[in-house]
Amino acid sequence: MALDTYWTIVALVVGATAAAIVIAAWRRPRTVSARLLAAGVLVSASGWMASAGCVLVAPTRDHEIVAVVVISATTVVLSAFLLLSAVEQLPGAASSAAARLRRSVDGLQVTSALLLSGWTIAALVTAHDHRIAVHGNPTWIASAVSVVGLAAAIGFTVVEVRHGPRPRGTVAVLMTGIVAVAAGDAGIAAAVVVWHTATSTIVAGSLAVIGFAAIGYVGTSGRALAGPAAEQVPIRWGLPVAIVSVALVTTVVHLLTGGRPDVVSAVLGVLTGFTLVVRQALALTDARRYLGRLREDEAHLRELAYTDPLTGVGNRRHLMAALTDGRVRDQECALVALDLDDFTGINDLRGHVAGDEVLAGVGERLRANLRPGDIAARTGGDEFAVLLMGSDADVGAVAERLLRGVSEPYETSAGTVFVTASVGHAASETADDAKTLLRNADVALRLAKREGTGNVQRYDPAYDDFVHRRTAIEQGLRGALAAGEFTLAYQPIVTLPDARTIAVEALLRWDSAHLGRVPPDVFIPIAEEIGLIAPIDRWVMHEACRQLGRWLDDGHSLWLSVNVSARELHLPAYVDQVAETLRIHHINPDRLVIEVTEHSAALDLDSVVGRLSELRATGVRIALDDFGAGYSSLGQLRQLPVDILKIDRSLVGDPAGSPRSRAVAPLVDVVVQLGARLDLEVIAEGVGDVAQRQVVEASGCRLAQGDLFGPAVPAERIEAMLHAEASLIGGAPAAADGRVRGARLAVEADPDPARIPDSIVPRDPPPTIPPQRRQQPPAR
């Protein structure tokens, strides 16, 4: 078969493949990239068809060669340009002019380096004097243009695959197709001019067909070519620089082996060097731009890190950075802490959107009231702080101004919102460091909130000591029960006039390992506030009932009085807990008296009445403690289901001979008479001397309690006292009163009955008293 026939068949196959690819791609969405790809394929196919026509109709061999070579050069340049332009239009490719310029310079750099190394290698291999002759005829020029077009396709392919849009695998297939098309188009001239064989024709045509297939696969498969734009990250230099290095190495080898530089090598070398310089300039421009962008990002991140996004003022980190700044530490300043009162209620009533609007308004008003150099910050949910710089500021006046500004009504999407705030401030001379100054301002704020809403307070070291002590108590209380630091002391309740013990009141004591003895009136209110009073009350009830059970087993006829907090009393399961405790320790309910203070009963009368009624239904008796302190009315007293009134110590606790002592007797008498009218037992508390006892006895009160009859002591001393009283119970009343008092004093001084003098405790064993655990208490 003649070469012309082979050439015709190959050209027809290439043309048919190109037509199929164009038709298939035309059915896809007609993007700019797809149209450029189709145009590049059509140009390449047209070059093949034109070359075949020249081979068939050329009058002479020379005319055929010139025509084919010119067509090949034109085809390579046009198709490569169109196909590479199509790549630049893909989604994710560089879109800015600067990015395209960088890509073009990189591609030109690789292209020139490839041409330089190829030219040098060709001179080393083919020319006997290591020089390639340069001809001015059209065939040589057109062939050179074809080689340059192929090198350009390869060079830009390297750049696109390395740094182009993602996914890189799909781009690599597309760029491989472009190189194959360029190689096939350049192979037209080689097949006609150099080899002029059927094999070379088939190889060139196969390259073109493979290239068309790769381009068609990418263009028709629907694979997404999307990713971050190339200008978002600096282009790496690795592969282009490596190729340039190869070109320089081959040039050096060429010179060392006796070759001489020619015009083409010089031009290509200058072009390669020029592209390196341009790329360096572009790299410096990129570095400056990215450095500026990094600085902007750093400033933005710093703003985000040190600014509260809701209010626009600084955050706690900003405030601490300002306080620790050397310029701030070296000058006087003051810190103002501000907290919105009951802000949770605003969120609950108006919603969180309105709450956020209020917080934003607070931040705006704080900024409007600042002097130059002052700093406002949001330190918590509804807490703010203002750092006032300089010693010339009247901190109190500034704090008052801030409070007035913040307390103005706020117009929100949920309506007008009224807000009050509390303000505390501390000067820098009150603290040695930033954390202490912040704490001092917070202490002043706590004092302001304690004094009431809309209050401004200055830091007071005395209140700081109080807060420190309270905080230590709070922390100690949380582990005191588990550590076994609580104990019970028992104070006798005696009958008058014989001073015989018929009951005891269980009183809680706390001996902290770190704080020492803490008074009950100090730690019990704190335990109520922090929610620890319920487990403490349960422990007191169990421990007191356990001790009462032991005394009853020993034959002592006693009843026990236990105080209960208002918080514990309101628990739904409290009545069941009391009943279960009595059942565990096998105690008759009427042996237990639950004491509630007049104050707690008056705060929530309806709820307390219901719960006390449930307790009385179990058989437990109820005592109203601190009666006469001024909280309840007589009408409320008639509603309360109580059995015992305990006269407050303020009515009987005045020292003998004081100006008020003459006014005490009528008040005690009134309470006793009131108890008689209401059929209630009355106990006088706080009896500390003989004069007070005389007042209580003169009023007709039958029961008393106080240090005169014995302070609160451990259970062992009460037990010794009960044994001493039991041994003296048979004496004359007058003598018994004195001897019982003496026995009580001796037991208080020494709890061991074996060391009590014989004149007080006889050596003969006391008479046996049968257990009376279920015996009813003495009649009232």
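Relevant structure appears above.
What comes next is a walk through the structure.

Scoring rules and cut-offs
Residue numbers here run from 1 along each chain, matching the order of that chain's written sequence. Per-residue local features are limited, in this predicted model, to residues with pLDDT of at least 70; the limit for side-chain atom pairs, both in listing and counting, is 80 or more; totals at the level of whole chains, interfaces and linings are taken over all residues. With hydrogens and water stripped out, all remaining heavy atoms of the structure feed into the side-chain values. Fitting a line to C-alpha atoms yields each axis, with helices limited to the stretch in contact; the angle taken between N-to-C directions then spans 0 to 180 degrees. What counts as a helix is a DSSP run of H or I of at least four residues, what counts as a strand is a run of E of at least two, and both are numbered from the N terminus. The scheme is simple: roughly parallel for angles under 35 degrees, roughly antiparallel for over 145, roughly perpendicular for 65 to 115, oblique for anything else. We call two residues in contact whenever any of their non-hydrogen atoms come within 4.5 Å of each other. We call Asp, Glu, Lys and Arg charged. Ala, Val, Leu, Ile, Met, Phe, Trp, Tyr, Cys and Pro are nonpolar, and the rest, Gly among them, are polar. Here a strand pair is declared whenever DSSP counts at least two bridges between the two strands. Aromatic pairs are defined between Phe, Tyr and Trp rings, using the six-membered ring for Trp, whenever the two ring centres lie within 6.5 Å; interplanar angles under 30 degrees are classed as stacked, those over 60 as edge-to-face, and all others as tilted. Type-normalised accessible area, obtained with a 1.4 Å probe on protein chains alone, sets the label of each residue: buried when under 20%, exposed when over 50%, and partly exposed for intermediate values. Surface patches are defined over residues having more than 30% relative accessible area and no salt bridge, joining like charges when they lie within 9 Å and nonpolar side chains (Val, Leu, Ile, Met, Phe, Trp, Tyr) when within 5 Å. Here, Shrake-Rupley sampling with a 1.4 Å probe gives the accessible areas, and only protein chains in the shown set may cover a residue. Salt-bridge detection follows one rule: a side-chain nitrogen of Lys or Arg within 4 Å of a carboxyl oxygen of Asp or Glu.

### Some words on the packing of helix α10 (residues 316-324) against helix α15 (residues 434-451)
Between α10 and α15, whose axes approach to 9 Å, the crossing angle comes to 120 degrees. Classified by the angle their axes make, α10 and α15 are oblique. Of the residues in α15, those touching α10 at Arg 316, Leu 319, Met 320, Leu 323 and Thr 324 are Ala 434, Lys 435, Leu 437 and Leu 438. Taken together, the residues of the contact of α10 with α15 sort by class into six nonpolar, one polar and two charged.

### A look at the sheet that holds strand β3 (residues 375-378)
Spatially, six strands are ordered β1-β3-β4-β2-β7-β8 in an open sheet, and the strand pairing comes out mixed. Each of the sheet's edge strands pairs with one partner strand only, and the pair in question is β1 (314-315) and β8 (456-458). When strand β2 (residues 333-340) meets strand β4 (residues 383-389), the two strands line up antiparallel, connected through seven bridges. Bridge pairing in β4 places Ala 337 opposite Ala 385.

### Overview of the packing of aromatic side chains
Inspection of every chain in the model, using the stated rule, returns six aromatic pairs. Seen in terms of ring centroids, Tyr 463 and Phe 466 are 5.5 Å apart; in terms of plane orientation they differ by 35 degrees. Their pairing is tilted. Taken as a pair, Tyr 463 and Phe 466 lie in helix α16 (residues 461-480) at a separation of three residues, close to a single helical turn. Relative accessible area serves as the criterion here: at 34%, Phe 466 is assigned to the partly exposed category. Judged by centre distance (6.0 Å) and plane angle (35 degrees), the ring pair of Phe 486 and Phe 523 falls under tilted. Note that Phe 486 is positioned in strand β9 (residues 486-495) and Phe 523 in helix α17 (residues 520-529), a separation of 37 residues in sequence.

### Digging into a nonpolar patch on the surface
Together, Val 77, Ile 141 and Val 145 make up a nonpolar patch on the protein surface, roughly 210 Å² of accessible area in all. With respect to the helices and strands, Val 145 occurs in helix α5 (residues 138-163).

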